[in-house]
Amino acid sequence: MRHSLPGTTPGLVCAHHHLYSALARGMPAPPRTPTGFTDILELIWWRLDRALDLDIIEWSAKLGALEALEAGCTAIVDHHESPNAIEGSLQVIADACAEVGVRISCAYGVTDRHGAEGARRGLAENEQFLRAGGRGMVGVHAAFTCTDDTLEAAAGLAADLGTGVHIHVAEGPVDAPAAERLERWSTDEWLLIHGVHLPDGHQLKGTLVHNPRSNMNNAVGYARPIRFANPVALGTDGIGADMLEEFRVAYARHREHDVTATPDTAWEWLAQGWELFPEARSDTVSWSYDPIDPWRLAFTPGVRAVDVVVDGETLLAQGVATRVDPDEIRAKAAEAANRLFAKLEEIDP
């Protein structure tokens with residue numbers, strides 16, 4: 001990772017985020033304890049996304065962007081789903097991040113979970129946002145929740161718009177057949193999220209985004225991304241945007257699997273984010289620790305961003321956001337979270 005001054009780096013990149021999850025902390029417990037990956041989706045995340053409205057989405061995105069900035073992350077590749085508030089949702093996210101000053105790439109996760117009409121509306125949201133000049137990709141939830149027709153439509157739309165598809169791939173065993181289903185459409189512009197259950201010799205093109213903390217939290221296994229020929233980047237899958245912390249976990253997980261592993265590999269995965277968001281290379285983050293060296297940082301928790309400059313504007317000074325009022329964002333996000341939690345209580349799994 002190149003840096004021009006001691007204790008500085010370019011802006012870090014989160015290659016896969018779910019900003020809508022920023023308000024999930026403290027959410028009501030699911031109606032029963034999930035016992036596997038599919039249960040986690042059905043009882044937690046698929047209930048949460050159904051409770052989202054545009055106001056909740058806005059404050060989730062503002063809070064998530066603020067926390068990213070405070071962690072030295074200046075660019076986010078987001079993946080969004082809100083089946084009861086699809087239209088206009090991507091612009092809400094983009095505007096919220098622009099207000100904070102964080103760069104954003106948006107995608108709406110198309111799925112057939114809510115019928116063919118829901119899939120059509122998701123595709124339309126991607127198309128409308130991108131054709132209007134928004135930065136982003138065509139989102140797909142995962143192959144196992146989509147028909148082949150929907151997958152083909154998403155791939156075709158991405159090709160027409162000159163972008164890639166942002167899709168969860170083989171995160172759990174239920175989606176293990178994804179490689180065979182997607183192979184005919186994938187391109188180098190695709191983002192393949194997770195890849196835990198991909199075969200070693202899969203033929204999918206695109207960048208694989210490794211999310212080690214999320215994979216551990218969902219008990220889906222270790223992706224062992226070193227085995228793939230694809231470029232590998234790091235994401236959080238919605239667990240904030242502290243990319244130095246994600247780097248440490250990625251290294252520890254790699255080391256657990258292979259005692260000869262070094263922090264250099266996880267550092268290369270972190271740096272791969274600049275291939276997705278080249279503009280972040282021109283941002284500057286000054287850190288509370290010096291020198292910025294993967295061997296030291298792998299064993300130094302608590303390193304924090306002190307100052308962050310994006311496009312020549314200081315957006316974080318001595319750890320405090322300058323363009324927005326962090327206290328106001330946190331207060332209004334807490335109010336939105338309470339509304340979200342009340343709505344969740346009314347949603348059946």
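Since we're looking at a predicted model, the values are computed, not measured.

Enquirer: Outline unusual backbone geometry, listing residues and values.
Expert: In this chain, Asp290 is followed by Pro291 through a cis amide linkage whose omega measures 5 degrees. Tracing the sequence through the fold places Pro291 in the loop between strand E10 (284-287) and helix H11 (294-297). The backbone of His194 shows a phi angle near 90 degrees, a positive value even though the residue is not glycine. With respect to the helices and strands, His194 occurs in strand E7 (residues 191-194). Positive phi outside glycine occurs at Gln318, with the angle close to 55 degrees. By the element assignment, Gln318 lies in the loop between strand E12 (313-317) and strand E13 (320-321). Of the residues examined, Gln318 reaches a relative accessible area of 62% and is grouped as exposed.

Enquirer: Before we move on, could you go through the sheet that holds E12 and cite the residues and values that matter?
Expert: Taken in spatial order, the five strands line up as E1-E10-E11-E12-E13 in an open sheet, and their pairing is antiparallel. In the strand order of this sheet, the two ends are held by strand E1 (8-9) and E13, each with one partner. Direction of pairing for strand E11 (residues 305-310) relative to E12: antiparallel, over a ladder of three bridges. Among the inter-strand pairings, Val309 is bridged to a residue of E12, identified as Thr314.

Enquirer: With reference to specific residues and values, describe the sheet that holds strand E4 (residues 103-105).
Expert: An order of E2-E3-E4 is seen for the three strands of this open sheet, with the pairing classed as parallel. At either margin of the open sheet sits one strand with a lone partner, and together these are strand E2 (12-17) and E4. Taken pair by pair, the neighbouring strands of this sheet meet at an average axis angle of 15 degrees, ignoring direction. As defined by bridge partners, strand E3 (residues 73-78) adjoins E4 across three bridges and the pair is classed as parallel. Bridge pairing in E4 links Val77 to Ser105.

Enquirer: Let's hear about the packing of aromatic side chains: which residues, and what values?
Expert: All chains considered together, the criterion is met by two aromatic pairs. Measuring from ring centre to ring centre gives 4.8 Å for Phe247 and Trp267, while their planes differ by 75 degrees; the resulting arrangement is edge-to-face. With Phe247 in helix H8 (residues 243-257) and Trp267 in helix H9 (residues 263-271), the pair connects residues that are 20 residues apart, well separated along the chain. Summarising the burial analysis for this pair, Phe247 and Trp267 share the class buried. Consider the rings of Tyr251 and Phe299, whose centres lie 5.7 Å apart with planes at 85 degrees: the pair is edge-to-face. Placement of the pair is Tyr251 in helix H8 and Phe299 in the loop between H11 and E11, with a sequence separation of 48 residues. Geometry around Trp59 places Lys62 over its ring, the cationic atom sitting 4.2 Å from the centre.

Enquirer: Describe in detail the pairing of E2, supporting the description with residues and values.
Expert: Among the six residues in E2, six count as buried, and that is most of the element. Across four bridges, the pairing between E2 and E3 is parallel. Bridge assignment links Leu12 to a residue of E3, and that residue is Cys73.

Enquirer: Just give me the short version of the pattern of salt bridges, but keep the residues and values in it.
Expert: Enumeration over the complete set of coordinates arrives at 24 salt bridges. The residue Glu256 makes a salt bridge to Arg253 at a minimum N-O spacing of 2.6 Å. One end of the pair is Glu256 and the other is Arg253, both in helix H8 and three residues apart, which spans about a single turn. Given the relative accessible area of 59%, Glu256 is considered exposed. In this structure, Arg323 engages Glu313 in a salt bridge whose closest nitrogen and oxygen atoms are separated by 2.5 Å. Linking Arg323 in the loop between E13 and helix H12 (326-344) with Glu313 in strand E12, this pair joins segments that are 10 residues apart in sequence. Judged by its relative accessible area of 32%, Glu313 is partly exposed.

Enquirer: Account for the side chain of Asn215, with residues named and values stated.
Expert: By the element assignment, Asn215 lies in helix H7 (residues 212-217). The exposure class of Asn215 is buried, given its relative accessible area of 2%. Side-chain polar atoms of Asn215 contact the side chain of His194, separated by 3.0 Å. Those residues in contact with Asn215 that lie beyond four places of it in its chain are His194, Val196, His210, Val220, Gly221 and Ala223.

Cut-offs applied
Counting restarts for each chain: residues are numbered from 1 in the order of the written sequence. Since the coordinates come from a predicted model, pLDDT governs what is reported: local features require at least 70, and pairs of side-chain atoms require 80 or more to be given and counted, while whole-chain, interface and lining totals use all residues. Note that the side-chain values use all heavy atoms of the structure and ignore hydrogens as well as water. Under the DSSP-based scheme used, a helix requires at least four consecutive residues in state H or I and a strand at least two consecutive residues in state E, with every element numbered from the N terminus. Three exposure classes are used, based on accessible area relative to the maximum for each residue type with a 1.4 Å probe and protein chains only: buried under 20%, partly exposed in between, and exposed over 50%. Any two strands with at least two DSSP bridges between them are considered paired. To obtain an axis, a line is fitted to C-alpha atoms, over the contacting stretch when the element is a helix, and the angle between two such axes runs from 0 to 180 degrees between their N-to-C directions. Classification of ring pairs rests on two measures: the distance between centres of Phe, Tyr or Trp rings, Trp counted by its six-membered ring, which must be within 6.5 Å, and the angle between planes, read as stacked under 30 degrees, edge-to-face over 60 and tilted in between. We call a charge positioned above a ring when the Lys NZ or Arg CZ atom is no farther than 6 Å from the ring centre and deviates by at most 35 degrees from the ring normal. Salt bridges are defined as contacts in which a side-chain nitrogen from Lys or Arg sits within 4 Å of a carboxyl oxygen from Asp or Glu. Pairing of N or O atoms within 3.5 Å defines a polar contact, subject to two protein rules: one partner must be a possible hydrogen donor and the other a possible acceptor, and residues neighboring in sequence count only if both atoms are side-chain atoms. In this description, contact between two residues means that some pair of their heavy atoms is separated by no more than 4.5 Å.

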